[in-house]
Amino acid sequence: MAVFSDAQKVQILSDLVAIHSVNDNEAAVATYLQQLLAEHEIDAQLLPVTAGRTNLIAEIGSGHPVLAVSGHMDVVSPGDVAQWQSDPFELTERNGQLYGRGAADMKSGLAALVISLIELHAAGQPQHGTIRLMATIAEEVGETGSRAFYDQGAMNDVDALLIGEPTGYNLFSAHKGSMDVRLTSQGQAAHSSMPELGANAIDPLLAILTQANQVFRHTDKENALLGKLAFNTTIFHGGNQVNSIPERATAEMNVRTIPEFDNAAVRAELTQLIAHQNQAGAQVTMDIYMDQWPVQEPQDNPLSNLAAKLGEPFAGQPIPKLPLPAVTDASNLLKDKGHQFPFIVFGPGNQTAHQVDEHVDRQMFLDFITLYQQLLPGYLKL
């Protein structure tokens, strides 16, 4: 039986959007969810990670199998608020669309999961197995929340995973990894008329990046679903005056990895290129400050097949199974799970994530609550 009216479900999403959890302050979201769950006799634990940033975990049911469901509580900055048609932190409905920062990515998915758990619990479900909610911090930058869950063993007994990122009526079970890399080159300043008295910090970085482009962009390694690795230098700083030899330079790169050319292989290649320059007298160091591995689980697995079957009436057409362009918390949560693990990314939303006037379709949000209430206990009965 329903616990909430449609208006109350939308109000929960509105409450979440109103919390300014821009790359921080997830503790406020977690506390709100803990109180909401407690009102409906579901115990949830707050798991602080850093100051103001707190994961949340809750369960309904008992025993195996264990189906984990996950969503993140942080959002990205709204950017120039003047560009929005309405306050980004006040959920606003226009023409059947709910507008607000996080409306798509991914407070609607998180709200749908939480509401589903409450209504399933009220109906005495699941009667077989456990549904475990893991709400994470810092998915948008760093994925430290999912890494904390992994380190704490929250995934050790999990048999399947659903992440409610905004996919609309598409199913994803694979995505590339992502590495953020910073190279720092230390040289020696000198007047540009006497460069022999200094050491140009830019030169070894240019050499490394040129060689890296050859290694990473011309590889024949390719994944049939995800394509090739992507390597891009996105930030470069060096020098402070045109007639001075720069004593310091930095370059930052983003690498999108595939199983055939994974994070360890990228690290090894870069280490070798840096070592070659350092042997010639350079002083270059590397800091890999984000290191999320690629995920590739079977497109056809019991969870995805059931989701496709149950979702088709809502979508009005067959649901495609596709590779996901973006990285998710699955990079951390699925470590050590092998490559035959039931996993899907499936949640309300669209491609307006991170954009001005981000929004989610109101009916899709409500439909996903119904869909989750069919899918989650349905999978546990398989």
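Residues numbered from 1 in each chain as written. Predicted model: local features only at pLDDT ≥ 70, side-chain atom pairs only at ≥ 80, totals over all residues. Heavy atoms only, no water.

Per an unreviewed UniProt entry, the protein carries the name Probable succinyl-diaminopimelate desuccinylase and comes from Levilactobacillus angrenensis. In its Catalytic activity (unreviewed entry) section, the UniProt entry covering the protein states "N-succinyl-(2S,6S)-2,6-diaminopimelate + H2O = (2S,6S)-2,6-diaminopimelate + succinate". Looking at the protein in UniProt, the text filed under Pathway (unreviewed entry) is "Amino-acid biosynthesis; L-lysine biosynthesis via DAP pathway; LL-2,6-diaminopimelate from (S)-tetrahydrodipicolinate (succinylase route): step 3/3." (UniProt positions renumbered as here; feature names shortened; annotations may be inferred.)

**Student:** Where do I start with the nonpolar core in this structure?
**Tutor:** Proteins that are soluble and globular tend to have nonpolar side chains buried together. Counting residues in hydrophobic clusters, the biggest one holds 61 residues, and the most contacted among them are Leu37, Val69, Phe346, Phe365, Leu375 and Leu376. In this structure, Met179, Leu205, Ile208 and Val255 belong to the second largest nonpolar core, which totals 27 residues. (Core = buried A, V, L, I, M, F, W, Y, C linked by side-chain atoms within 4.5 Å. Buried < 20%, exposed > 50% of the residue type's maximum accessible area, 1.4 Å probe, protein only.)

**Student:** Got a minute to help me understand the layout of surface pockets in this structure?
**Tutor:** To find leftover empty space, a probe the size of one water molecule is rolled over the atoms. A volume near 730 Å³ is recorded for the largest pocket. Around the largest pocket sit 31 residues that line it, and Asp105, Leu324, Ala326, Val327 and Ala353 are the ones nearest its centre. Counting residues per element, the ones that place at least two in the lining of the largest pocket are strand S9 (177-186), strand S13 (248-257) and strand S14 (284-292). Of the residues in the lining of the largest pocket, the class split is 11 nonpolar, 13 polar and seven charged. Reported here for the second largest pocket is a volume of approximately 220 Å³. Every residue lining the second largest pocket is counted, 15 residues in all, and those nearest its centre are Trp293, Pro294, Val295, Leu334 and His339. (1 Å grid on protein atoms, 1.4 Å probe; cavity = no way out; pocket = protein on both sides within 12 Å on 5 of 7 lines; lining within 4 Å. Points joined across faces, edges and corners; volume = space filled by probe spheres on them. Helix = DSSP H or I, 4+ residues; strand = E, 2+ residues; numbered from the N terminus. Nonpolar A, V, L, I, M, F, W, Y, C, P; charged D, E, K, R; others polar.)

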